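Residues per chain, in single letters:
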4 protein chains.
Amino acid sequence: MMNRVVLVGRLTKDPDLRYTPSGVAVATFTLAVNRAFSNQQGEREADFINCVVWRKPAENVANFLKKGSLAGVDGRIQTRNYEGQDGKRVYVTEIVAESVQFLEPKGASGGGGGGRGNDFYGAPPMEPQGNPFGGGNQNQRQNSNQGFTKVNDDPFAGSGQIDISDDDLPF
Amino acid sequence: MMNRVVLVGRLTKDPDLRYTPSGVAVATFTLAVNRAFSNQQGEREADFINCVVWRKPAENVANFLKKGSLAGVDGRIQTRNYEGQDGKRVYVTEIVAESVQFLEPKGASGGGGGGRGNDFYGAPPMEPQGNPFGGGNQNQRQNSNQGFTKVNDDPFAGSGQIDISDDDLPF
Amino acid sequence: MMNRVVLVGRLTKDPDLRYTPSGVAVATFTLAVNRAFSNQQGEREADFINCVVWRKPAENVANFLKKGSLAGVDGRIQTRNYEGQDGKRVYVTEIVAESVQFLEPKGASGGGGGGRGNDFYGAPPMEPQGNPFGGGNQNQRQNSNQGFTKVNDDPFAGSGQIDISDDDLPF
Amino acid sequence: MMNRVVLVGRLTKDPDLRYTPSGVAVATFTLAVNRAFSNQQGEREADFINCVVWRKPAENVANFLKKGSLAGVDGRIQTRNYEGQDGKRVYVTEIVAESVQFLEPKGASGGGGGGRGNDFYGAPPMEPQGNPFGGGNQNQRQNSNQGFTKVNDDPFAGSGQIDISDDDLPF
DNA sequence: TTTT
DNA sequence: TTTT
C-alpha cells in the first residue's frame with residue numbers, strides 16, 4: 001500500500017492553529033492549486049485542497065504562512081467520516097502533511113524565518129486522529145474532550161479552554 | 001503549482017465504466033489503501049480514495065480490474081462541487097488517474113492481460129470535467145442527469161444515448 | 001511499474017538548451033535541493049539532481065529560468081549508459097521532467113513571463129532518447145549526427161551547426 | 001525544497017544487507033522499472049534504479065524480497081560523490097527509501113511474511129551517510145574500505161568487525 | 001459505501 | 001469557503 005501526495009499552491013486563508021486537549025498542535029489550511037490546463041471557457045481553474053499538519057510544523061505553518069503564501073506539502077491522503085448535524089454521514093478527504101515547505105522569497109511574509117532552511121517536518125505516522133476542520137461529530141465515538149482553541153485569536157490558548165462544550169468537539 | 005498523487009491499494013468494488021454522450025469512456029473506482037501504522041486500538045485502518053480515469057485506460061480498468069484487485073494510480077487531486085438534493089453545496093475531492101497500473105500477478109484476475117506491460121495511461125490534461133461518481137447536480141448547471149450508461153450492465157451502451165440532451169450533462 | 005519524482009530546488013547554473021538534428025528542443029539543468037535535515041557537522045547538505053526536459057517546455061525553461069531560480073519538477077527517473085572516453089561504461093541517472101514549474105515571484109527573473117500560469121508541460125512519454133548532458137558516446141549506436149547547438153551562446157543555432165564534429169556528440 | 005520519489009518495480013538481484021561498524025543495518029538493491037512506452041524499435045525498456053534503505057526496513061527487505069520480487073519504494077533522491085580507483089571523482093545518484101512495500105501476493109516469496117501489513121518503514125531523516133553500494137573511496141576521505149560484511153554470506157557478520165578502523169568507513 |  |  002502506498003499513499004503519497006505532493007502539492008504546491010497558495011493558502012486561501014490564514015492557517016487555523018488549534019490544540020488538542022492533551023496539548024498537541026494541529027493546523028489546518030486550504031491550498032489553491034491552479035490547474036495546468038484551461039477549461040472549455042479558456043479559464044484556468046484551481047483545486048482547493050484541505051490540509052492538516054500536526055505538532056511543531058503546525059506551529060511553523062501558523063507562524064510563517066498566511067493567506068496567499070506559496071507553500072509545498074508532502075504528505076498522504078486521509079479519508080474519514082463523521083455524523084453530520086442532520087444525522088447523515090459526512091465523508092471527508094484531506095491531506096495529512098508530513099512536511100510543509102515555505103516557498104515565498106525571504107522577507108516576503110513579514111514574520112521572520114531566518115536561516116536558509118525553511119521546511120517544516122513533522123506529521124508523525126501516528127498523529128492523533130480527529131477532525132481538525134470541525135464540522136461534525138467525529139465517527140462513532142462518544143467523547144468528552146475539550147478540544148481546540150484557536151491560537152491566532154487567543155494568545156493564551158494553552159490555558160483556558162473551559163468554556164467549550166464537549167459536544168462541540170470532534171474528538 | 002504542483003499536484004501529484006501516487007497510490008497503491010485494492011479496489012473496494014468492481015470499477016464502474018460509463019460513457020459521456022460524446023462517447024468518452026470514464027471509469028470510477030475506490031481504492032482502499034491500508035495505513036502504514038496502527039491506531040490506538042492497534043488496528044490498521046485504511047483510507048478509501050475515490051478515483052476517476054478517462055478514455056482508453058478507463059476501459060482497461062473495467063476490463064482488467066475488479067473488486068480486490070491490487071492497483072497503482074498516478075494522478076492528481078481534483079476538487080469540485082455541486083448542488084445536492086437538499087439544495088446544499090456538496091464538496092468532492094477525488095483523484096484523476098493519469099495512469100493506472102495493474103499489480104496483480106499474471107493470471108490472477110481472470111480477464112487476460114497478456115504481455116509484460118500492464119499499465120494504462122491516459123487521463124489527458126484536458127479531460128472532460130464532470131461528476132462521474134454521480135450524486136448530485138453538477139456545479140451551477142441545472143440538469144436532469146440521465147447521463148452515463150454503465151457498460152458492464154448494458155453491452156449496448158455505446159449505441160442508445162439518443163435521448164440525452166447535451167444540456168443535461170455535466171460536460 | 002510506477003516511476004514518479006517531484007522536486008523543488010534551485011538551478012545551479014543557467015539551463016542549457018540544445019536542439020536535436022531533427023529540431024527537437026531539449027534543455028538540461030541541475031537542481032540543488034537542500035536536505036531537510038543536517039549532517040553530523042550540523043550542516044544542511046544538498047542533492048544535485050540532473051534534469052532533462054524536451055520540446056516546448058525546454059524552451060520555456062531556457063527563457064524563464066536561470067542560475068538560482070526556484071523551480072519545481074514533476075517527472076520520472078531515467079537511467080542510461082554509454083561508453084566513456086576510456087572505453088568504460090558510464091551509468092547515468094537523471095530526471096526526465098514532464099512539467100517544470102517556475103516558482104520565483106513575478107518579475108524576479110528578469111526575462112518576463114507574463115500571464116498568470118507559469119508551468120511548462122511537455123516531456124512526452126516517448127521523448128527522444130539520448131544523452132543531452134553529453135559526456136560520452138551514446139549507447140551502442142554508431143552515428144553521424146550533428147547534434148546540439150547551445151541556443152544561449154548562439155541565437156542562430158537553428159541554422160548553422162556545421163562546425164560540430166560527429167564525434168563530439170551524444171547522438 | 002522538496003524531494004520525493006515513488007517507484008514500483010522488480011528487484012534485479014537479491015538485496016544486499018550489510019551493517020555499519022556501529023551496527024546499523026543497510027540494504028541495497030536495484031529496481032527494474034519498466035517504462036510505460038516503447039522505444040523506436042517497439043521495445044519497452046526499463047530503468048534500473050539503485051535504492052538504499054536503513055535500519056529495520058533494511059532487514060525486512062533482506063528477509064522478504066529477493067530477485068524478481070515486485071516492490072514499491074517511497075523515498076528521496078540522494079546524490080553523492082567519491083574518488084574512484086583512478087583518482088577521478090565518481091558521481092552517484094540513488095534513492096534513499098523511507099518505506100519499502102512488498103507487493104508480491106502472500107506466499108509468493110517463500111520467506112514468510114505473516115500478518116496483513118507488509119510495508120517496511122524506516123529511513124530516518126538523518127540516516128548515516130555513506131556509500132552502501134561500494135565502488136569507491138567515499139568523499140574526500142582516504143580509506144581502505146573493508147567496510148561492510150554481507151550478512152547473507154556470513155551469518156556471523158554481527159560479530160567480527162574488530163579489525164575495521166573507524167576512519168576506514170564512510171560513516 | 002468499503003479492500004487483502 | 002477560496003489563492004496569485
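- By the naming in an unreviewed UniProt entry, chain A goes by Single-stranded DNA-binding protein and is assigned to Neobacillus citreus.
- Word for word, the UniProt comment on chain A under Subunit (unreviewed entry) is "Homotetramer."
- UniProt lists a comment for chain A under the heading Function (unreviewed entry), and it reads "Plays an important role in DNA replication, recombination and repair. Binds to ssDNA and to an array of partner proteins to recruit them to their sites of action during DNA metabolism."

Describing the relation of the copies chain D and chain C
At step 1: The two copies are related by a screw operation: chain D maps onto chain C through 180° of rotation and 0.0 Å of translation along the axis, at an RMSD of 0.1 Å. In symmetry terms, the pair is related by a two-fold rotation axis. Taking C-alpha positions as reference, the residue of chain D nearest the rotation axis is D:V5, located at 2.3 Å.
At step 2: When you check the interface residues of chain D against chain C, 100% turn up at the interface there too, and the contact is symmetric in its surfaces.

Section: the nonpolar core
At step 1: Counting 53 residues, the largest nonpolar core has A:V100 and B:V100 as the members making the most contacts within it.
At step 2: Counting 52 residues, the second largest nonpolar core, distinct from the first, contains C:A27, C:V33, D:V53 and D:V73.

Comments concerning the pairing of strand 2 (residues 16-19) of chain D
Residues and elements named next belong to chain D.
At step 1: Across four bridges, the pairing between strand 2 and strand 3 (residues 25-34) is antiparallel. Along strand 3, the bridge assignment pairs R18 with V26.
At step 2: Adjacent in sequence and paired antiparallel, strand 2 and strand 3 are bridged by five residues, among which G23 carries a positive phi angle near 90°.

Re the relation of the copies chain C and chain B
At step 1: Superposition of chain C onto chain B requires a rotation of 180° combined with a translation of 0.0 Å along the rotation axis, giving an RMSD of 0.1 Å.
At step 2: Comparing interface residues between copies, 100% of those in chain C also lie at the interface in chain B; the contact surface is shared.

Here's the deal with the state of the cysteines
At step 1: All told, the structure shown has zero disulfides over all chains when counted by the stated rule.
At step 2: You can see A:C51 has no disulfide; the closest cysteine sulfur is in B:C51, sitting 18 Å from it.

Things to note about the interface of chain C and chain B
At step 1: Tallying the contact residues gives 12 residues for chain C and 12 residues for chain B.
At step 2: For the pair chain C and chain B, the summed buried area comes to about 900 Å², and 61% of that belongs to carbon and sulfur atoms.
At step 3: Where chain C meets chain B, there are two salt bridges.
At step 4: Close ionic contact of C:D74 with B:R4 constitutes a salt bridge, the shortest N to O distance being 2.9 Å.
At step 5: Across the contact surface, chain C and chain B share four residue pairs in polar contact (both at pLDDT 80 or more).
At step 6: Mapped by element, the contributors of at least two residues to the side of chain C that touches chain B are strand 1 (2-11) and strand 5 (70-83) of chain C.
At step 7: Among the elements that take part in the side of chain C that touches chain B, strand 1 of chain C stands out by supplying five residues, more than any other.

Looking at the interface of chain D and chain C
At step 1: The partner chain C presents 31 residues to the 31 residues of chain D that form the contact.
At step 2: Both sides of the chain D and chain C interface together cover about 2,600 Å² of buried area, and 57% of this is carbon and sulfur.
At step 3: For chain D, the biggest contributors to the area lost against chain C are D:M1, D:F37 and D:T79; these three give 25% of the whole.
At step 4: When contributions to the side of chain D that touches chain C are tallied by element, the ones reaching two or more residues are strand 1 (2-11), strand 3, strand 4 (46-54), strand 5 (70-83) and strand 6 (89-102) of chain D.
At step 5: Class assignment of the residues belonging to the side of chain D that touches chain C gives a composition of 16 nonpolar, seven polar and eight charged.

With respect to the pairing of strand 4 of chain D
Residues and elements named next belong to chain D.
At step 1: With seven of nine residues buried, strand 4 is to be regarded as a mostly interior element.
At step 2: In the sheet, strand 3 pairs with strand 4 via nine bridges, with the strands oriented antiparallel. By the bridge assignment for strand 4, F29 is matched with C51.
At step 3: Sheet topology note: the strand 4/strand 6 ladder contains two bridges and is parallel. The partner of C51 across the bridge, within strand 6, is I95.

Reading guide: rules and limits
Residues numbered from 1 in each chain as written. Chains lettered and ligands numbered in written order. Predicted model: local features only at pLDDT ≥ 70, side-chain atom pairs only at ≥ 80, totals over all residues. Heavy atoms only, no water. UniProt positions renumbered as here; feature names shortened; annotations may be inferred. Least-squares fit on C-alpha atoms with pLDDT ≥ 70 in both. Contact = heavy atoms within 4.5 Å. Core = buried A, V, L, I, M, F, W, Y, C linked by side-chain atoms within 4.5 Å. Buried < 20%, exposed > 50% of the residue type's maximum accessible area, 1.4 Å probe, protein only. Pairing = 2+ DSSP bridges. Helix = DSSP H or I, 4+ residues; strand = E, 2+ residues; numbered from the N terminus. Disulfide = S-S within 2.5 Å. Buried area = accessible area lost by both parts, 1.4 Å probe. Salt bridge = Lys/Arg side-chain N within 4 Å of Asp/Glu carboxyl O. Polar contact = N/O pair within 3.5 Å; in protein donor to acceptor, adjacent residues only side chain to side chain. Nonpolar A, V, L, I, M, F, W, Y, C, P; charged D, E, K, R; others polar.

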